[in-house]
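What follows is each chain in one-letter form.
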Amino acid sequence: MNSNIKEAMEIRKTAMENNKFFEDSIPLIASENIMSPLAMEMLLTDFGFRYAEGLPHHRYYQGNYYVDIMEEKVTELAKRVFKAPQADPRPVSGTNANQAVTFALLKTGEKIAAPNLSGGGHISAAKFGTLGFRGLDIHNYPFDENTMSIDVDASIKMLKEEKPKVALVGQSVFLFPAPLKELRDTFQEIGSKVWYDGAHVLGLIAGGKFQDPLREGADVITGSTHKTLPGPQHGIVIGNTDDDTWKKVQRGVFPGVLSNHHLNTMAALGITLSETLDYGADYAEKIIQNAKTLAEELHSLGFKVLGEERGFTESHTLVADVRKNGGGKNVAELLEKCHIVLNKNLLPWDDNKKSQDPSGIRIGTQEVTRLGFDKSEMKQLAELIYRAIIKNEDSNKIIEDVKELKINHKKVKYCYGDFEAYKYIELYK
Ligand SMILES: *Cc1c(COP(=O)(O)O)cnc(C)c1O
């Protein structure tokens, strides 16, 4: 009896240690966030043990009465947040949403325009990811490293030559709005459907602070719901397209790429969307202000932050070329030792072979903003990064200052209630 409980307790202990590590660290990974306690509570409900296939009131299993009520509510909230006629909150991740749209809009061998990896594109848009899995003929947009965006003129030329059936825009290094308005006439002329991957910037769009893809010509938006949108690890598709296309998208989701759609995370997403209606605009504005401040501070301390000619960033993300500081891998690992968590990243001139030791680092301000960081904390943070990387100060000294900076920032902001992060209930006594 209980002979393996040690193993279980080991896992539990590791989870608690991970809580403690993040409680005492500065989280700067641009694709992460922390959930509100009210949303988090949903993860522990019975929704997490149930199956629902299909759409509300058209199910294959019994026991979905409350699931239908919840799912309809979440769908309505998503439409309200994004001012969209169509929303499908079933995909279980951003990649899963991308699979559904790929499945719906394209057949094997058809052409798609997409960002390349070194231009900040996501693996799901690569030939060894989702698009490749569908066997698509991928044509990358030329990228301009000065503007840190798609090169509009060169892209128009490529689009007119290739006439892709679908044009996918949106990256994982997403510093500036995608040039949808500039490309709109071309998309119309060649008849491409426009697919906007908003995984990173969904919360900024929800807050009305980045761009408005549906009003700028996008037919569908896909996204993760846990990056700048501070919800559960889940996905979504949002649409402003004809009924026939939308039906295909919904069939792409189910039965195309999933069966059950993880109901507890969907409920948590609904709570996040509701909180976004109330706090999303203020939150998005502060995230972007903080990213600009951090970029300027790092730049003035001697870091080579990219996108200088456009003011470094208009999103939650900034990237720096750290080749002269020992390279992306070295810098990211050194900072981790100081409890400052960010990732190494490919920059426009890196080819994919450099992915284990690329030129850059990527920083996102969405999670620290949610914990109440403001201008003065951004300045202190830039100073800490400077001391770790340029001054080569002892990591133990920096950890102490990181903890000090974190000490008054343990509450999750921009949500209902007044709670400290990482105060979890321990169920097993
Ligand atoms: C993060 C990301 C995704 C999907 O991520 P998931 O981890 O599957 O939610 C898709 N596209 C882009 C551009 C991303 O950055």
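Residue positions within a chain follow its written sequence, with the count starting from 1. Local features in this predicted model are restricted to residues whose pLDDT is 70 or higher, and side-chain atom pairs enter the listing and the counts only when it is 80 or higher, whereas totals over whole chains, interfaces and linings include all residues. Note that water and hydrogens are dropped before the side-chain values are worked out from all heavy atoms of the structure.

Draft legend 1. Region of interest: the overall build of the protein. A tally of helices and strands in the protein yields 14 helices and 15 strands. Over its C-alpha trace the protein gives a radius of gyration of 22 Å, about what one expects of a compact globule, namely 22 Å for 429 residues. Oriented by its inertia axes, the alpha-carbon framework of the protein measures out at about 60 × 60 × 40 Å. When each of the 429 residues of the protein is scored for burial, the buried share is 56%. Secondary structure elements follow DSSP: runs of H or I no shorter than four residues count as helices, runs of E no shorter than two count as strands, and numbering proceeds from the N terminus. We take the radius of gyration over the C-alpha atoms and set the globule estimate at 2.2 Å times the residue count to the 0.38 power. Partly exposed describes any residue whose relative accessible area lies between the buried limit of under 20% and the exposed limit of over 50%, with all areas from a 1.4 Å probe on protein chains only and scaled to the type maximum.

Draft legend 2. Fine view of the pairing of strand S3 (residues 111–114). By this definition, two strands are paired if DSSP reports at least two bridges between them. By the bridge criterion, four bridges tie S3 to strand S4 (residues 137–140) in an arrangement that is parallel. In the sheet register, alanine 114 faces S4, and the bridge partner there is asparagine 140. Bridging between S3 and strand S7 (residues 166–169) involves two bridges; their strand directions are parallel. By the bridge assignment, alanine 113 is partnered in S7 with alanine 167.

Draft legend 3. Fine view of unusual backbone geometry. A cis amide bond links phenylalanine 254 with the next residue in sequence, proline 255, at an omega value of 5 degrees. Checked against the element boundaries, proline 255 lands in helix H9 (residues 243–257). In this structure, histidine 57 takes a positive phi of about 70 degrees despite not being glycine. Along the chain, histidine 57 turns up in the loop between helix H2 (37–43) and helix H3 (65–82). You can call histidine 57 exposed: its relative accessible area is 54%.

Draft legend 4. Geometry of the sheet that holds S7. Judged by pairing direction, the sheet is mixed, and its seven strands sit side by side in the order S2-S10-S9-S8-S7-S3-S4 without closing on themselves. For this open sheet the edge positions go to strand S2 (86–88) and S4, each flanked by a neighbour on one side alone. Neighbour-to-neighbour, the strand axes of the sheet open up by a mean angle of 20 degrees, direction not taken into account. Taken together, the three bridges between S2 and strand S10 (residues 235–239) define a ladder with antiparallel strand orientation. The convention used is that axes are lines fitted to C-alpha atoms, helices contributing only their stretch in contact, and that angles between N-to-C directions extend from 0 to 180 degrees.

Draft legend 5. Local environment of the side chain of asparagine 290. One can find asparagine 290 in helix H10 (residues 263–300). Given the relative accessible area of 1%, asparagine 290 is considered buried. What makes two residues a contact is simply this: any of their non-hydrogen atoms within 4.5 Å. Once residues lying within four places of it in the same chain are set aside, the contact partners of asparagine 290 are Thr365, Thr369, Phe373, Asp374, Lys375 and Met378.

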